[in-house]
Amino acid sequence: LSLRSLSPNNLSSALSAPLGLPSSIFYLTPSSDTDSNTNSEEESMSEGEMERLKEEVEEKKKVIAIMRNKPWRMKRRECQEFVDKFEGALGKGKGRKFYAYKVMMTKKWIKFQRDFENFKTTCIPWERKIKEVESHFGSSVASYFIFLRWMYGMNMVLFGLTFGLVVIPEVLMGLPYGSIPRKTVPRAEQSTAQDYSVLMDFNGYCKYSVLFYGYYNNQRTIGLLKFRLPLSYLMVGVGTFGYSLMVVIRTMAKNADVGGGDGDDGEFTFAWKMFTSWDYLIGNAETADNKYASITTSFKESIVDEQENQKDENIHLRRFLRVLANFMIICCLGGSGYLIFFVVKRSQEFANRDDLSWYEKNELELIMSLLGLVCPPLFETIAELEEYHPRIALKWQLGRIFALFLGNLYTFLFALFDEVNNKLEEEVSIRNASIWAQKEYYANFTLYNNDTDTTPPPMDPSDVIRGPCWETAVGIEFVKLTVSDIQVTYLTILIGDFARAVIVRFLNYCWCWDLEATYPSYGEFDISGNVLGLVFNQGMIWMGAFYAPGLVGINVLRLLSSMYYQCWAVMATNVPHERVFKASKSNNFYMGLLLLILFLSLLPVVYTIMTLPPSFDCGPFSGKAKMFDVIMETIDLDLPAFLGTLMGYAANPGLIIPAVLLMVRLGYVSISFAHRETGISSHSSLQNSSTVFSSFHRFSIGFRSGL
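Starting from 1, residues in each chain are numbered consecutively following that chain's sequence as written. In view of the model being predicted, local features appear only for residues whose pLDDT reaches at least 70, and side-chain atom pairs are presented and counted only at 80 or more, with totals across whole chains, interfaces and linings using the full set of residues. Heavy atoms from the whole structure form the basis of all side-chain values; hydrogens and water molecules are not counted.

1. So, the environment of Val-167
Turning to step 1, where the next piece is worked out: Segments assigned H or I by DSSP are reported as helices when at least four residues long, segments assigned E as strands when at least two residues long, and all are numbered from the N terminus. The topology assignment puts Val-167 in helix H7 (residues 139–173).
Turning to step 2, where the next piece is worked out: On the basis of relative accessibility, which here comes to 5%, the residue Val-167 falls in the buried class.
Turning to step 3, where the next piece is worked out: The spacing of Val-167 and Val-210 is 43 residues in sequence and 6.5 Å in space, taken between C-alpha atoms.
Turning to step 4, where the next piece is worked out: It only takes one pair of heavy atoms within 4.5 Å for two residues to be counted as in contact. Apart from the residues within four sequence positions on either side, Val-167 is in contact with Thr-162, Val-210, Tyr-216 and Pro-549. Relative accessible area decides the class of each residue, using a 1.4 Å probe on protein chains only: under 20% of the type maximum gives buried, over 50% gives exposed, and in between gives partly exposed.

Next comes the structure, spelled out in structure tokens:
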């Protein structure tokens, strides 16, 4: 019953009805006329009525007192539970100390949970750096650094596998340097083996070290522990791809569960941002500035999204410009592929010459690095014709640069495997020559000493004729590509961003025009180029780690230094994009590119293991017809006969192909299930938000009507 709708007479009736009393007792009058009304009521009532009324009031008081003191019908256990629960809260009885202790422990437990959550956040590597970048440049730039941190974590695991199961056992339990030919620098190269130019080309002592495939011995077991190094080498090479595939698919499913609505927060976007963005627990001035910048950037992102949704365009002109842009980009991709093929063929001709300049020695690496440096800005310029939404334009840009890198990489691989085939043909003659030289050495020793019973000493390892060791040659090419990519990337940041920012900052006061507002201005962070650089580099690591185990360690150092170097560069030399946009809540687009490059990187390694014969005088698989023969050897010698038969059946292509398809199917199902869960949670959250706002709307209407 609404009190506003009651008149004094109605109110007195409402109050007197439950007690069975006359409504005149509860009649409400203004305070100024109370005495006069009381006198008039007493005069109008007789003495009998007054006595009867007093008796009724006393009777009602007794009923109320009885009801108040009447015990509740409860079981003894329920009563005890009730007393134990509320007695301490009232500060009475024997439970008050326990209650105070329970309250204190509850507060401490809540504080511990809060401190532990803060500790976990503090333990996340580079979390504060990434949050600082996100607050000034938006979630799109921060997504690159989150992806970089994820790549670093995955490569740390690969580094642990490679060094723990391959490199360290060979160093601790294998033969030392100089004991066998594959671990010794040839005598003809010893004079220049420590030169800086030779070491920078990864020849000399670098070539005959644990960095590359050729250093590892082919002994079936090594050390006191009888460690099976060849088997471990092959299992780590295959396990690298298996672990990477598992982690990428798991991360994609997790990101899909988080939600990837391409930056949309559902309904009432601006209302949510306006009333719920600020963090009232902030107590630091710098943190408050970062939060303020983050909220401002978030509003800019949402405004751009709304503008793109409401934009009108000429559809026919837009289609023509997009077709023209794609045609121009396809021409660029074809030209870059032909250029790399031409340079690789030219480098094969340079291999027979000794009078090469520095450019001719590093021509291939320089051309590939320059193509990766020049083509992305060219693609970005051409993409201006399409006028896509910034987020959609970023995905197109990533796809095109990915096609560029992938085409360049596979063109390089095709030309490299042509060179491998030439070395395999050359290896036959070198192997015959080494056998002939060894027999000649023994014959000369016997003839010189005129004694056929004396066993001749072994040849000096540095004098043995070496084969080409094509696996080490392939590993050197991948390491040189990785190192040259690191150098070009860092020099580009130092010259293209830092030097440009210094010029704009200090020459703007004495220049003819405003350098900050017009050309050249400060640089923007190239998201697509940096992301594809990471993906392309990781593809080279996956392919090259089998031929150069030390390549994983080089990549870990590269990612570690890139995090600090690029965080400094983006905060010191770059400005936010003119069209600030919000990245997807998940990095699944990046993960999709990484998954594709993972499968494409697996193909050359599988081709090497299953098809090409290993070198005869280097590496853990030397002396075998194929690299995978080490598995069959282990099955025949170390496992029971029935297990060998089962493994033989399992190696049948008729079972391998369905297993691969099943694995792909499981990955697809996991991602689809995560998407379904995301859709359900999004629908429920949308219903909740609609309920909240409708309740708020009804409350506001009622409040206004009440006023």
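Once the structure has been displayed, the description carries forward.
2. Some remarks on the UniProt feature "transmembrane region" (unreviewed entry) in the protein
Turning to step 1, where the next piece is worked out: Those residues carrying the UniProt feature "transmembrane region" (unreviewed entry) are residues 156–177, 231–249, 323–344, 397–417, 540–560, 589–610 and 646–668 in this numbering.
Turning to step 2, where the next piece is worked out: Between the C-alpha atoms that bound residues 589–610 there is a distance of 32 Å. The span itself is 100% helix and 0% strand. UniProt positions are given in the numbering used here, feature names are shortened, and annotations may be inferred rather than shown by experiment.

3. Overview of the state of the cysteines
Turning to step 1, where the next piece is worked out: The rule for a disulfide is simple: a pair of cysteine sulfur atoms within 2.5 Å. Under the defined criterion, the tally for this structure stands at one disulfide.
Turning to step 2, where the next piece is worked out: Residue Cys-469 pairs covalently with Cys-618 via a disulfide, S to S 2.0 Å. When the S-S torsion is 105°, as for the bridge of Cys-469 with Cys-618, the disulfide is right-handed. Separated by 149 residues along the polypeptide, Cys-469 in the loop between helix H15 (390–449) and helix H16 (470–507) and Cys-618 in the loop between helix H19 (588–610) and helix H20 (629–638) bring together distant segments of the chain.

4. Side note on a negative patch on the surface
Turning to step 1, where the next piece is worked out: Residues Glu-47, Glu-51, Glu-55 and Glu-59 make up a contiguous surface patch of negative charge.
Turning to step 2, where the next piece is worked out: Within the element layout of this structure, Glu-51 appears in helix H3 (residues 47–69).
Turning to step 3, where the next piece is worked out: Looking at Glu-51, the relative accessible area reads 47%, which means it is partly exposed. To count toward a patch, a residue needs a relative accessible area above 30% and no salt bridge. Like charges then connect within 9 Å, nonpolar side chains (Val, Leu, Ile, Met, Phe, Trp, Tyr) within 5 Å. A 1.4 Å probe and the Shrake-Rupley method give the accessible areas. Residues count as covered only by the protein chains that appear here. By convention in these notes, a salt bridge is any Lys or Arg side-chain nitrogen within 4 Å of a carboxyl oxygen on Asp or Glu. Here the positive residues are Lys and Arg and the negative ones are Asp and Glu; neither His nor the chain ends is included. Taken as the charge location is NZ of Lys, CZ of Arg, CG of Asp or CD of Glu.

5. Here's the deal with a nonpolar patch on the surface
Turning to step 1, where the next piece is worked out: The grouping of Leu-491, Leu-494, Ile-495, Phe-498, Val-502, Phe-506 and Trp-568 at the surface amounts to a nonpolar patch, some 670 Å² of accessible area in total.
Turning to step 2, where the next piece is worked out: By residue number, the principal contributor to the nonpolar patch is H16, which donates six residues.
Turning to step 3, where the next piece is worked out: Mapped onto the elements, Phe-506 comes out in helix H16.

6. Side note on the packing of H16 against helix H17 (residues 527–544)
Turning to step 1, where the next piece is worked out: For every element, the axis is a line fit to its C-alpha atoms; helices are fit only across the contacting stretch, and the angle between N-to-C directions ranges from 0 to 180 degrees. Closest axis-to-axis distance for the H16/H17 pair is 10 Å, and the angle between their directions is 160°. As far as their axial angle goes, H17 and H16 are roughly antiparallel. In this structure, H16 crosses over H17, and the sense of that crossing is left-handed. In contact with Phe-478, Leu-481, Thr-482 and Asp-485 of H16, H17 contributes Asn-537, Met-540, Ile-541, Met-543 and Gly-544.
Turning to step 2, where the next piece is worked out: Under the convention adopted here, Pro, Cys and the residues Ala, Val, Leu, Ile, Met, Phe, Trp and Tyr are nonpolar, Asp, Glu, Lys and Arg are charged, and Gly plus all remaining residues are polar. Considered class by class, the residues forming the contact of H16 with H17 number five nonpolar, three polar and one charged. Angles are sorted into four bins: roughly parallel if under 35 degrees, roughly antiparallel if over 145, roughly perpendicular if 65 to 115, and oblique for all others. Two helices crossing with the near one rotated counterclockwise from the far one by less than a right angle form a left-handed crossing, whereas a clockwise rotation gives a right-handed crossing.

7. A look at empty space enclosed by the protein
A water-sized probe rolled over the atoms picks out the places where empty space is left.
Turning to step 1, where the next piece is worked out: Here a cavity denotes grid points, spaced 1 Å and computed from the protein atoms alone, that fit a 1.4 Å probe unable to get out, and a pocket denotes an open set having protein on both sides within 12 Å along at least 5 of 7 lines; residues with an atom within 4 Å of a point are the lining. Grid points are joined across faces, edges and corners, and a volume is the space filled by probe spheres set on the points. Summed over all chains, the structure comprises two cavities of 30 Å³ or more.
Turning to step 2, where the next piece is worked out: Here the largest cavity is characterised by a volume of approximately 100 Å³.
Turning to step 3, where the next piece is worked out: Considering the residues around the largest cavity, the lining is formed by Thr-162, Val-166, Tyr-233, Val-236, Gly-237, Thr-240, Phe-241, Trp-542, Ala-545, Phe-546 and Pro-549.
Turning to step 4, where the next piece is worked out: Taken together, the elements giving at least two residues each to the lining of the largest cavity come down to H7 and helix H9 (229–258).
Turning to step 5, where the next piece is worked out: Looking at the lining of the largest cavity, the element that brings in the most residues is H9, giving five residues.
Turning to step 6, where the next piece is worked out: Each residue belonging to the lining of the largest cavity can be placed in one class, and the counts come to eight nonpolar, three polar and no charged.
Turning to step 7, where the next piece is worked out: Here the second largest cavity is characterised by a volume of approximately 40 Å³.
Turning to step 8, where the next piece is worked out: Phe-402, Phe-405, Leu-406, Leu-532, Val-535, Phe-536 and Ile-597 together form the lining of the second largest cavity.

8. Concerning the nonpolar core
Turning to step 1, where the next piece is worked out: Nonpolar cores were defined as sets of buried Ala, Val, Leu, Ile, Met, Phe, Trp, Tyr and Cys residues, with membership established by side-chain atoms within 4.5 Å. Counting residues in hydrophobic clusters, the biggest one holds 107 residues, and the most contacted among them are Phe-145, Phe-147, Trp-150, Phe-412, Phe-478, Phe-546 and Leu-594.
Turning to step 2, where the next piece is worked out: Of all the elements, H15 adds the most residues to this core, at 16 residues.
Turning to step 3, where the next piece is worked out: Counting five residues, the second-largest nonpolar core is a separate cluster that includes Ile-486, Ile-493, Tyr-565 and Ala-569.

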